[in-house]
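If you want the building blocks of each chain, they are given just below.
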Amino acid sequence: MNSSKIIAIGLAIVALFAFPIFLNNDYYIHLGTTILIYIILLFGLDIVVGYTGQVSLGHAGLFGVGAYTTGVLFFHLGMPFYVTVPASIAVTAFFGGLLALPALKVIGPYLAMVTLAFGTILQILINEMSFLTEGPMGIKLLKPSLFGPEMGEREFYWLSAVAMLLSLVVVHRILKSQLGRAFEALRDSPVACDCMGVSVYRYKVYAFVISAGFAGFAGAMYAYSEKYISPNTYNNELTVLFLLGIIMGGRKSRLGAILGAVIIVLLPKLLDDINLFRMVSIALAVMVALGSAVALSKGITTRKKVLAPVIGTIALALFSLWLENITDWRLSIFGAMILLVVYYLQEGIVGFFRNFTSALRAKVVQAQDLSASAGEAYANVIHQAAVKDTAAPILNIESILMQFGGLKALNDVDITIKRGTIHGLIGPNGSGKSTMMNVLTGIYIPTAGDVKFENETVIGKTSSEIALSGIARTFQNVQLFGEMTALENILVGLHHSFNSNLLDVALHLPRFTKEESSARERALGLLHFVGLDMLANEEARNLPYGKQRMLEIARALALDPNLLLLDEPAAGLTAPDIKELLAVIRKIRDHGITIILIEHHMDVVMSVCDKISVLDFGQKIAEGVAQEIQTNEKVIEAYLGGQSTTA
Amino acid sequence: MEILIQLIFSGIALGMIYAVVAFGYQLTFATSGTLNFGQGEALMLGALVGLTCVDTLGINYWLMIPLVCIFGALQGSLVEVVGVRPAIKIKSEFGWIMSTIALGIIFKNVAENVWGRDDLRFPSPLPEEPFQFLGANILPMEILVVVGALLMMLLVEWFNRKTIYGKAVVATSNDRDAAALMGINTGIVIMFSYALSSITAAFAGVLISPLTLTGATMGASLGLKAFAVAIIGGLSSGFGIIIGGLILGIAETTTGFYISTGYKDVPGLLLLLLVLALKPSGLFGKTAIKKV
Amino acid sequence: MLSIKNLKAGYGKVEVLHGINIEVPKSQIITLIGSNGAGKTTTMRAITGMIKPTAGEITLGSENITGVDSHRVARLGVAHSPEGRRVFSTMSVTDNLLLGAFPRLTGSRPKGDVKHDLEKAMELFPRLKERRTQLAGTLSGGEQQMLAMARAVMLNPDVFLLDEPSMGLAPILVDEVFKTIQRLKSEGVTMLLVEQFAAAALNVADYGYVMENGHIKVHGPADKLKNDPAVIAAYLGGSH
């Protein structure tokens, strides 16, 4: 962090604590406290919505659980602050886990609906279980009395400020650690994530649980702040308000969450006062119209694009003038705002400014500073494949049958892979090669037969279990984590080398810092191995195609595999790229790692494979060394074609 | 015992309504991979517009139905143009989820301001005296609900299988880009599926209203429960949602009676969570084969 | 028939085509070859409206079709068998073929005899005949390629765009595909063929354009190109 940033943050913290001294009015201080509490919740919500990319419509329910845990413990058992708050965090985290179980087996809109259902159930339960929650009557609380008498508005504000800062630090550390990378990876490519040993399901659950913990913390603070809680607060409209906060402020950004909280707390106040609303909407219409005129004259945008916001804001201003009473139409305004933000402010206010400033000056991607890492660090990046029993084959594929309905994609296939060799798997399209890949990596479960890796069966294990046991793969259609840098992609592959847990990460304990720095060193080494070290800080999706393929191989190597599965690595590569690929493949083999290579490029296959198995229509029709295969009649007929079509 | 049978029959009628609304979800999801989170509000608006036609304008119930369907088509098209189309263009799932929610909020607020916040009575087109069947009271309206719902779904299925336009719709659900290359205007197909989805919801609204009360809040929980039915049945199986609807409807009426009305929404929601936890493709849906 | 002048197009901020010129005369097979990433598929997509060009002009006969939406380009008579086949997997082979004739069945193109053309397609692609009621998603890659081509033929197109038909297919199936293209050639079809597998493409085409990094590097009659050392070096090496 550079010094100007530190100064800015320092000043902000001072202002934060000085606020209630300068504005000594309970109403405004209470608003400030509410904002701080919402910030805590939005930090957590951002993990789920901004990072893992899941739409959660149940966070108001979790917020309610936090508030009610505190309320119930206070009301029925008279528990003090330092018991209720941790209890709220724990209970809400538990509910978050409960929600995650069904929710995360599904995606997208299903997940949104599940969270909606969950939130609705929670609200119903809070309302109906009046023996515990006092139902619609609600529960009254007192502010905590940590240092003698009950706290006032001001003291509680400072307590909330401390809470918010604590949450900020914890969230930031989590997101910059292997946990945060896992969250991002699972959004970019869930399949690759699983095959790199990071179980998508498990990390989605973690994201939800952590997010719920923050919601619980916020809920507990909220109960004390309001001194009264009732079920109807924690409804679907509150959830939508939270989401609006995240999108409007800006996803994947702490500042965005802060901004978002400020907006959603102040917005209903704004919508209560018709005169204030009129002034603001007219001002907004004028700003948008002027801004559009400027943008049009500079040629940054087109008439069509500005039409909607200009007309929308003018209509809003006219509407405000016509209305007598804004409160009845609050929800419509609110809905219209969501529409506007979702389409015209997708990156949120923070994102908008970020794009704005980066459009003004060209983005300079820092080339990796290599002077720091000495040559020796690159020496042992590829661990020599653990040699167990050299005589025994490393992989035994036994009578595999893979049936989809009536189609036998693999029909009684037996292949033995010898340790330390490069074994080619070829065959016409539809012959079953990719199906075999998916069976070997746990994406498909075969209808019958067995696969033994190092004499242990692979069938029934999940993709991430298989990845962690020593089998790594690349994909036919490159599955990189597009929005992450090349270095970060490798770091995800190195996820297995991290033993530190949430506590280590949050407190930056030595176990975590050591693991993080050695992982980074190793990642750089792996990038060097495939010739990509100069591009370490480039976003993966911006790399040229050939380099993306190399990056995928490097990422697979990060798993320390004994067996590497390459799925059509040469597809779409130019001749020089293919040469590089062959060199890398040979280097990998020299480290003792066994390779299974699926390919269509016959020259690649014939030049580098020790043994080749040929599939056709799901069956193995031939096996042998290159020359044998090239002269095998069955193979020629099925695959190489009788008459070549070249002149 | 009679009470149980009665609850079952009411549950069937209720369940068919859920099934019809769920059908609407299937339609838009198939062609565009999106759904209308404000589907419940589409039903609510259909019911209220229908009420205005019948009560204020004095139009006959049966004549009102096509009018409400036209309204539904317009409303659905509006949702598509304003809420969904921009999201599809920028390939943002978050976009259409949030915007259909937002539109739902707006529709509900508008309805509250236009028709008030109280629940209203919808005059029944059929005689209100129940007749006896297996010892239980059944309202003729309940029979109409079941028949109407089934007819609507059968009509759409026939359209999809037998006409070239229906095939075009299915093709769009399979592969939108390839469908466009065939000369199919996929934008119109998607708008059509949203229009149709709102038509079915509005139709369901005027079917159910004589049996319950009509008001601005009727759509809220309905949309969610219909979604539960869509999931339970499987988003690709028409038959499945009928079964799902029946299960849910009956569970709801029996819970409401035997446990408490406050809890009546819970079994449906729990079922949704269970199905998603155990068999996400639904009881009848096909598990998609992953291709990597 | 189809004329592309100074076409520029790309994805987002990245320009992939930097101003290319291609002529596809009537009843000729023109091939566009080049390595992956050269811009061949981008060119196809720009013609049929899957992406919008940023500059240049595309004309079909006398009609300007630059930037026109996909469905309208199809209705004007341009059939596109896309990269990756893209058949309608949950529909039968027959339904796929009928959908190829959608503009004819819905009045955007002269109807002709769709039933007769359906049978003719089955003759032209015998593998499909045995599988007419089978769901397209269960066909093998080679069969799907046949289906995609037959589907395009069903439009009765003025121009046939065929994108990477050999991709992912084993040599023997590639043989079949190119034999089919030969058959279509003898029927007088106007075709723009994009291929990575240059050898077979130049064998069947009348004229060829070699693309590299969004530019046309060299073009000429297919026979001449076959023996151009620059082309041979970059594209005809390797398998076969």
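These numbers were taken from a predicted model, which means no experiment stands behind them. Per chain, the residues get numbers from 1 upward, laid out in the order the sequence is written. Key to labels: chains lettered from A, ligands numbered from 1, both in the order written. Two thresholds apply to this predicted model, a pLDDT of at least 70 for residue-level local features and 80 or more for giving and counting side-chain atom pairs, whereas whole-chain, interface and lining totals are computed over all residues.

1. What to know about the environment of Arg 154 of chain A
All names here are of chain A. Secondary structure is summarised from DSSP: a helix means a run of H or I of at least four residues, a strand means a run of E of at least two, and numbering begins at the N terminus for each. Within the secondary structure, Arg 154 sits in helix α7 (residues 153-176). With 52 residues separating them along the chain, Arg 154 and Pro 102 place their C-alpha atoms 42 Å apart. Those residues in contact with Arg 154, other than ones at most four positions away along the chain, are Pro 20 and Ile 29. Two residues qualify as being in contact provided that their C-beta atoms, derived from the backbone, are within 7 Å of each other.

2. What to know about the interface of chain B and chain C
Taken residue by residue, the interface counts 16 residues in chain B and 22 residues in chain C. Elements that contribute at least two residues to the side of chain B that touches chain C include exactly α6 (164-174) and α7 (176-181) of chain B. Top contributing element to the side of chain B that touches chain C by residue count: α6 of chain B, with six residues. Amino acids are sorted into nonpolar (Ala, Val, Leu, Ile, Met, Phe, Trp, Tyr, Cys and Pro), charged (Asp, Glu, Lys and Arg) and polar (every other residue, Gly among them). Its residues assigned to classes, the side of chain B that touches chain C comprises nine nonpolar, four polar and three charged.

3. Some words on the sheet that holds strand β6 (residues 448-453) of chain A
Residues and elements named next belong to chain A. Pairing between strands is defined by DSSP: at least two bridges between them are needed. Judged by pairing direction, the sheet is antiparallel, and its four strands sit side by side in the order β4-β3-β6-β7 without closing on themselves. Since the sheet does not close on itself, it has two edges, and those belong to β4 (407-417) and β7 (456-457), each with one partner. Of the strand pairs in this sheet, strand β3 (residues 395-404) and β4 are connected by eight bridges, and their pairing is antiparallel. Looking at the pairing, Asn 396 lines up with Thr 416 of β4.

4. Brief notes about the environment of Thr 41 of chain C
All names here are of chain C. One can find Thr 41 in helix α1 (residues 40-47). A residue is classified by how many C-beta atoms lie within 10 Å of it, and Thr 41, with 21 of them, is buried. Each C-alpha atom of the pair Thr 41 and Arg 132 lies 29 Å from the other, and the pair is 91 residues apart in sequence. Burial is judged by counting other C-beta atoms within 10 Å of a residue's own C-beta: 20 or more means buried, 12 or fewer means exposed, and anything between counts as partly exposed, with every C-beta placed from the backbone.

5. Observations concerning helix α22 (residues 545-557) of chain A
Since the α-helix packs 3.6 residues into each turn, any two residues three or four apart lie on the same face. Between its terminal C-alpha atoms α22 of chain A stretches 19 Å, which fits the 18 Å expected from 13 residues at 1.5 Å a residue. Restricting attention to buried positions, one finds in α22 of chain A the residues Arg 549, Met 550, Leu 551, Glu 552, Ile 553, Ala 554, Arg 555, Ala 556 and Leu 557 of chain A. For a helix, the expected span equals 1.5 Å multiplied by the residue count minus one.

6. Regarding unusual backbone geometry
Residues and elements named next belong to chain A. Even without glycine at this site, Glu 134 takes up a positive phi of about 65 degrees. Residue Asp 560 is not a glycine yet carries a positive backbone phi of 55 degrees. Locating Asp 560 in the fold gives a position in the loop between α22 and β9 (563-567).

7. With respect to the interface of chain A and chain B
Taken together, the contacts link 37 residues of chain A with 33 residues of chain B. Looking at the side of chain A that touches chain B, the elements that each hand over two or more residues are α4 (81-103), α5 (108-128), α11 (236-249) and α15 (330-344) of chain A. Ranked by residue count, the leading element in the side of chain A that touches chain B is α5 of chain A, at 14 residues. Here the residues of the side of chain A that touches chain B are counted per class, giving 28 nonpolar, six polar and three charged.

8. What about the sheet that holds strand β10 (residues 594-598) of chain A?
Residues and elements named next belong to chain A. Pairing is mixed in the open sheet, where six strands are placed in the order β8-β9-β10-β5-β11-β12. Strands with a single pairing partner mark the edges of an open sheet, and in this sheet they are β8 (471-473) and β12 (619-624). When strand polarity is set aside, the average angle formed by the axes of neighbouring strands in this sheet is 20 degrees. Sheet topology places β9 next to β10; five bridges connect them, and they run parallel. Among the inter-strand pairings, Leu 564 is bridged to a residue of β10, identified as Ile 595. Where helix α23 (residues 575-590) meets the sheet, it contacts β5 (422-426), β9 and β10, and its direction lies at approximately 150 degrees from that of β10. Only the stretch in contact is used when fitting a helix axis, every axis being a line fitted to C-alpha atoms; angles between N-to-C directions are given from 0 to 180 degrees.

9. Describing the confidence of the model for chain B
Averaged over every residue, the pLDDT of chain B is 86; residues scoring 70 or more account for 95%. At the level of chain-chain contacts, confidence expressed as ipTM amounts to 0.88, with global pTM at 0.80. On a range of 0 to 100, pLDDT expresses the predictor's confidence in each residue.

10. Details of the packing of helix α1 (residues 2-32) of chain B against helix α8 (residues 186-208) of chain B
Residue and element names in this part refer to chain B. Direction vectors running N to C along α1 and α8 enclose 175 degrees, while the axes themselves pass 9 Å from each other. It follows that α1 is roughly antiparallel to α8 by the angle criterion. Packed against α1, whose contacting residues are Ile 17, Val 20, Val 21, Phe 23, Gly 24, Leu 27, Thr 28, Thr 31 and Ser 32, the element α8 presents Val 189, Ile 190, Ser 193, Tyr 194, Leu 196, Ser 197, Thr 200, Ala 201, Phe 203, Ala 204, Leu 207 and Ile 208 at the interface. Of the residues contributing to the contact of α1 with α8, the split by class is 14 nonpolar, seven polar and no charged. Comment on the angle field: the value is read as roughly parallel under 35 degrees, roughly antiparallel over 145, roughly perpendicular from 65 to 115, and oblique elsewhere.

11. Things to note about the environment of Arg 86 of chain C
The residue Arg 86 of chain C is located in the loop between β6 (78-81) and α3 (93-100) in this model. The exposure class assigned to Arg 86 of chain C is buried, which follows from the 21 C-beta atoms found within 10 Å. Taking the C-alpha atoms as reference points, Arg 86 of chain C and Gln 182 of chain C, 96 residues apart in sequence, are found 23 Å from one another. Beyond its immediate stretch of four places on either side in the chain, Arg 86 of chain C contacts Asp 175, Asp 177 and Ala 178 of chain B together with Ala 148 of chain C.

12. Brief notes about the confidence of the model for chain A
All names here are of chain A. With 91% of its residues at a pLDDT of 70 or more, chain A shows a mean pLDDT of 83. Across chain A, the secondary-structure element scoring lowest on mean pLDDT is helix α26 (residues 633-640), at 61, and the one scoring highest is β9, at 93. Under a pLDDT of 50 for its full length, residues 370-377 has, in the predicted model, five contacts with residues more than four places off or in other chains. Contacts from residues 639-647, a stretch scored under 50 in pLDDT, to residues over four places away or in other chains number 27 contacts.

13. Description of α6 of chain B
Looking at α6 of chain B, one finds that the buried residues are Lys 167, Ala 168, Val 169, Ala 171, Thr 172, Ser 173 and Asn 174 of chain B. In this structure, the buried residues of α6 of chain B make contact with α1, α5 (140-162), α7 and α8 of chain B together with α3 and α4 (102-105) of chain C.

14. What about the pairing of β6 of chain C?
Residues and elements named next belong to chain C. Because side chains alternate across β6, one face comprises the buried residues Val 78 and His 80, and the other comprises Ala 79 and Ser 81, equally buried. Sheet topology places β6 next to strand β7 (residues 159-163); four bridges connect them, and they run parallel. Counterpart to Ser 81 in the pairing with β7 is Leu 162.

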